[in-house]
Amino acid sequence: MPVGVTLDAAPPAPYHLRKKAWQRRREPDMAATAQTPVDELDEAGARAELERLAAAIAAADEAYHRRDAPEISDAAYDALKARNAAIEARFAHLARADGPSGRVGAAPAEGFGKLRHAQRMLSLDNAFSDSDVADFVAGIRRFLSLDADAPLAFTAEPKIDGLSLSLRYEAGRLVQAATRGDGTTGEDVTANARTIRDIPAVIEGAPEVLEVRGEVYMSHADFAALNARQAEAGGKTFANPRNAAAGSLRQLDASVTAARPLRFFAYSWGTLSAPLGATQTEALARLSQLGFPVNPLTRLCPDTAAMLAAWAEIEQRRATLGYDIDGVVYKLDDLALQARLGVRSTTPRWALAHKFPAELAWTRLEAIDIQVGRTGALSPVARLQPVTVGGVVVSNATLHNEDYIAGRDSRGAPIRDGKDIRVGDWVQVYRAGDVIPKVADVDLSKRKDGSQPYEFPSKCPECGSDAVREPGDSVRRCTGGLICPAQAVERLKHFVSRAAFDIEGLGARQVEAFWRDGWIREPADIFTLEERFGSGLQQLKNREGWGEKSAANLFAAISERRRIPLARLIFALGIRHVGEVAARLLARHYGGWPAFEAAMTAIAEAPVGAESGPEWDDLLSVDGVGPVLAASLVATFRNPAERASIDRLVALLDVQPEAAPVAAASPVAGKTIVFTGTLERMSRAEAKARAEALGAKVAGSVSAKTDLVVAGPGAGSKAKKAAELGVRTIDEDGWLSLIGAG
Ligand code: D41
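Below is a summary of the structure that appears in this document. In this text, all values refer to a predicted model and were calculated from it rather than measured experimentally.

**Here we look at the overall build of the protein chain**
Here comes step 1: On a plain count of helices and strands, the protein chain comes out with 26 helices and 25 strands.
Here comes step 2: Relative to its full complement of 742 residues, the protein chain shows a buried share of 49%.
Here comes step 3: When contacts within the protein chain are restricted to residue pairs at least 6 apart in sequence, those whose partners lie at least 24 apart make up 69%.
Here comes step 4: For the protein chain, the accessible area works out to roughly 33,000 Å², and carbon and sulfur atoms hold 51% of it.

**Quick word on the pattern of salt bridges**
Here comes step 1: The full count for this structure, using the stated rule, is 44 salt bridges.
Here comes step 2: A salt bridge links E211 to R168, with the nearest nitrogen and oxygen atoms 2.8 Å apart. On the criterion of sequence distance, the pair formed by E211 in strand β8 (residues 209–217) and R168 in strand β5 (residues 163–170) is long-range, its members being 43 residues apart.
Here comes step 3: E211 sits in the buried class, given a relative accessible area of 4%.
Here comes step 4: Two residues, R422 and D420, come together in a salt bridge whose shortest N-O distance is 3.0 Å. Judged on exposure class, the residue R422 and its partner D420 are both buried.
Here comes step 5: Within this structure, E402, D403, R408, R469 and R476 form a network of salt bridges that share partners.

**Points about unusual backbone geometry**
Here comes step 1: Unlike most non-glycine residues, S145 shows phi in positive territory, near 55 degrees.
Here comes step 2: Residue S145 is classed as partly exposed on the basis of its relative accessible area of 39%.

**Looking at the nonpolar core**
Here comes step 1: Counting 59 residues, the largest nonpolar core has I526, L569, W593 and L619 as the members making the most contacts within it.
Here comes step 2: Of all hydrophobic cores here, the second largest spans 34 residues; its members include L165, L174, I203 and L335.

**A word on the packing of helix α4 (residues 130–143) against helix α10 (residues 304–317)**
Here comes step 1: With their axes 10 Å apart at the nearest point, α4 and α10 run at an angle of 140 degrees to one another. With respect to α10, the element α4 is oriented oblique. Considering the relative orientation of α4 and α10, their crossing is right-handed. Contact residues: D130, V133, A134, F136 and V137 in α4; T304, M307 and L308 in α10.
Here comes step 2: Across the contact of α4 with α10, the residue classes tally to six nonpolar, one polar and one charged.

**As for the site of the ligand**
Here comes step 1: Near the ligand you find 16 residues, and of these L122, E157, I160, Y267 and K331 are the closest.
Here comes step 2: Contact distances for the ligand include 3.5 Å between an oxygen atom and a backbone N or O atom of P158.
Here comes step 3: Within the side chain of K331, a nitrogen or oxygen atom sits 2.9 Å from a nitrogen atom of the ligand.
Here comes step 4: Against a free-state accessible area of 480 Å², the protein chains account for coverage of 90% of the ligand.
Here comes step 5: Among the secondary structure elements, those contributing two or more residues to the shell around the ligand are β4 (154–160), β9 (263–272) and β11 (325–332).
Here comes step 6: Looking at the shell around the ligand, the element that brings in the most residues is β4, giving four residues.

**With respect to the pairing of strand β12 (residues 351–355)**
Here comes step 1: With five of five residues buried, β12 lies mostly within the body of the structure.
Here comes step 2: Of the two faces of β12, both are covered, the one formed by A351, A353 and K355 as well as the one formed by L352 and H354.
Here comes step 3: When strand β3 (residues 126–127) meets β12, the two strands line up parallel, connected through two bridges. The partner of A127 across the bridge, within β12, is H354.

**Description of the environment of R638**
Here comes step 1: Looking at the secondary structure, you find R638 in helix α22 (residues 627–638).
Here comes step 2: Classification of R638 as partly exposed rests on a relative accessible area of 21%.
Here comes step 3: Along the primary structure R638 and A604 are separated by 34 residues, whereas in three dimensions their C-alpha atoms are 5.1 Å apart.
Here comes step 4: Those residues within four positions of R638 in sequence are excluded, and the remaining contacts are I603, A604, A606, P607, V608 and E611.
Here comes step 5: At 3.3 Å, the side chain of R638 forms a polar contact with the backbone oxygen of A604.

**Structural notes on the pairing of β11**
Here comes step 1: Counting buried residues in β11 gives eight out of eight residues, a clear majority hidden from the surface.
Here comes step 2: Of the pairings in the sheet, the one linking β4 to β11 comprises seven bridges and is antiparallel in character. Each residue of the ladder has a partner; that of E157, found in β11, is V329.

**Brief notes about the packing of helix α15 (residues 523–533) against helix α17 (residues 548–560)**
Here comes step 1: Contact geometry for α15 and α17: axes closest at 10 Å, N-to-C directions at 135 degrees. Taken as axis vectors, α15 and α17 run oblique relative to one another. Read as a crossing pair, α15 and α17 show a hand that is left-handed. Along the contact surface, α15 presents I526, F527, L529 and E530, while α17 presents L554, F555 and I558.
Here comes step 2: By residue class, the composition of the contact of α15 with α17 is six nonpolar, no polar and one charged.

**Quick look at helix α13 (residues 485–496)**
Here comes step 1: In this model, α13 (12 residues) spans 17 Å end to end at C-alpha, consistent with the 16 Å of a helix rising 1.5 Å per residue.
Here comes step 2: Burial within α13 is extensive, with 11 of its 12 residues counted as buried.
Here comes step 3: Listed in full, the buried residues belonging to α13 are A486, Q487, A488, V489, E490, R491, L492, K493, H494, F495 and V496.

**A few points about the side chain of E642**
Here comes step 1: Following the sequence through the fold, E642 ends up in helix α23 (residues 640–650).
Here comes step 2: By relative accessible area, E642 is classed as buried at 13%.
Here comes step 3: A distance of 2.6 Å separates the side chain of E642 from the side chain of R491, its partner in a polar contact.
Here comes step 4: Look past the residues within four positions of E642 in its chain and what remains in contact with it is L482, R491 and T636.

**Focus on the state of the cysteines**
Here comes step 1: Summed over the entire model, instances satisfying the criterion amount to zero disulfides.
Here comes step 2: Free cysteine C460: the closest other cysteine sulfur is in C478, separated by 3.7 Å.
Here comes step 3: Left without a disulfide partner, C484 is nearest to the cysteine sulfur of C463, which lies 3.8 Å away.
Here comes step 4: With a relative accessible area of 0%, C484 lands in the buried category.

**A look at the sheet that holds β12**
Here comes step 1: Pairing in this open sheet of five strands is mixed, and the strands run β3-β12-β11-β4-β10 from one edge to the other. Edge positions in the sheet fall to β3 and β10 (299–301), since each of these pairs with one other strand and no more.
Here comes step 2: In this sheet, β12 lies alongside β11 in antiparallel orientation, the contact comprising five bridges. Bridge assignment links V328 to a residue of β12, and that residue is H354.

**Some remarks on the sheet that holds β5**
Here comes step 1: With respect to topology, four strands assemble into an open sheet ordered β6-β5-β8-β9, the strand pairing being antiparallel. Each having just a single partner strand, β6 (173–179) and β9 make up the two edges of the open sheet. The average angle at which neighbouring strand axes cross in this sheet is 30 degrees, direction not considered.
Here comes step 2: The pairing of β5 with β8 spans eight bridges and is antiparallel. Residue pairing in the sheet places L163 in a bridge with V216 of β8.
Here comes step 3: In the packing of helix α7 (residues 241–249) onto the sheet, contacts are made with β5, β6 and β8, and the angle to β5 comes to roughly 40 degrees.

Rules behind the numbers
- Residues numbered from 1 in each chain as written.
- Predicted model: local features only at pLDDT ≥ 70, side-chain atom pairs only at ≥ 80, totals over all residues.
- Heavy atoms only, no water.
- Helix = DSSP H or I, 4+ residues; strand = E, 2+ residues; numbered from the N terminus.
- Buried < 20%, exposed > 50% of the residue type's maximum accessible area, 1.4 Å probe, protein only.
- Contact = heavy atoms within 4.5 Å.
- Areas by Shrake-Rupley, 256 points an atom, 1.4 Å probe, with all protein chains shown as cover.
- Salt bridge = Lys/Arg side-chain N within 4 Å of Asp/Glu carboxyl O.
- Core = buried A, V, L, I, M, F, W, Y, C linked by side-chain atoms within 4.5 Å.
- Axes fitted to C-alpha atoms, helices over the stretch in contact; angles between N-to-C directions.
- Parallel < 35°, antiparallel > 145°, perpendicular 65-115°, else oblique.
- Left-handed = near helix turned anticlockwise from the far one by under 90°.
- Nonpolar A, V, L, I, M, F, W, Y, C, P; charged D, E, K, R; others polar.
- Near = heavy atom within 4 Å.
- Polar contact = N/O pair within 3.5 Å; in protein donor to acceptor, adjacent residues only side chain to side chain.
- Pairing = 2+ DSSP bridges.
- Expected span 1.5 Å × (residues − 1).
- Disulfide = S-S within 2.5 Å.

Pasting the structure below:
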């Protein structure tokens, strides 16, 4: 299998760490560069090397900007640039027009239009064991209040390792094709999709509106042939069929896509003007009839045993399928039951991806580096002698935390039979799907005499502050906060990431460069960049990789993001324990920044550990917000430096209030409801999902803000509190008639 791609296990190290890393040890990618010291180079040598560097950097830029296949690690990239700059500094007259300092920015991958999906493209929950599957089925039975012996059938189909695509047909004609993107908005690849033979341009007998969803992939044979052609033509080769499929579909010039052997399997649908059937099986049969390829290994399984048997069968055939799969997807067959189950934030309750076991390889652990993350966590990263694991070269892998290296779990119990991991050891590397590779095991028989246990640092390697481990925390954290450059940079990277501010043209690499030059030190600086450098546009233009157009585009993209939905803003702040889901819950609960800010301010005034009062109770009443999350949130607002940084940011933004999720037509829209006691006609989980679908907020505890309590038999303290507060309380029948389901 062609390789040559380095999969960076851990997120790239912060810039200042990286620089040290490459100075300390030479990347494998760099080994071929056998370097003559710059001051010993003669003119001919310098010219030849600048030519080589220009080509290598241009290729890396191309791969990076198209995002589909970074060809070299960030550290290797930085090393190439540094070498280029050093040579140019000495031989200024040799600097090339097409060299990295002469070129205007590589074409960004912004060429595709954006398309909003009429219905969100969901993700899948993962299972890794038989018991995960049993839990999934049991959870569904519980949610639906089904007896253990009531029949419940699932489909099982191979999980294709490609990329998702949504196709929209109107009156039988393909009118739109969009990639998944972030699930809400994807890229418009209509012209590209039209060139894929498996995708019909016109279909007969279809509903007026039909959105078909499925996976675009490339077969092993086509992948090998494509790479051979590419290599021969001096073009870029791909690390694996998935990257090849992604790179081929996302071509600005659709005629390139047309020449690439892409295939498609349909597995789902979005908006429909008429149903495709009553079950998953019927719907797939209908799609097949309409002319879409449907995976022939799809099975209908009457029970869990049959699901596991289908999984085993598909895994057994994996090697002979001729295309990559990474697991099996189970889906509840009955579409009416699917609708009752509904979705969690981004995954349906009725589907599950059961992954195949990971791929393994053995190699030597060359060094352990410590990276400092956004929340100050010190993460040990294994630097490995490069090894191929399932077609990808792995040179970095995670070592989780200090306990993991020492051979114990967070409670002190031995893992790997208590074997610790040492630099120089022969270690087993494990990779599952897209998951970050990790060091799984160590071969003691190959351990060198005199090796020493790894000593985990007690100081932050970035800023020298104490790194401490709080009781109950499995990670050691830098206590430097915002004075730690690594934390600050990582937080900025988080701030601009896709689920946060998602500023086009301002990715991790640009943030690092701006940080290094002191142009951006905190999020607010992003929004004053133009003002400060508007006149300094010239300065930006003169920077490597920036031209007039890309600079103007960047300022426009930043400006566009001043209007930001509340949930994104809360998530972007990068507060520990506040992920996307929690941010959305908070945004929904508070509605707008002023209410959120007022509540945080009120709570932050109380001394640490003595939080109380209506705002605190109200925060804890948000279903999904526990004491740990609440404490972390408040700690941020209590910290004067953090608070000032947030205030500076928000003053530059136009924060959009969270829209009420559903039409106010529902009698419970906008109301806060608490369920308590036993419900007999539906499970608590289903009741909650129904209420939320109707626009209500479901809280876990009763407070003055509660509008309604639904109390079943056995309701205790919550019903009592509702009575005390005079909150309206109804029983389950009352609830069902209220929502029109009685
Ligand atoms: O073969 C696949 N990769 C596959 C992916 C599949 N067979 N079925 C899928 N079904 C879904 C839902 C249940 C959400 C409609 C999926 C995916 N989703 C999916 N793939 C990537 C993200 C989600």
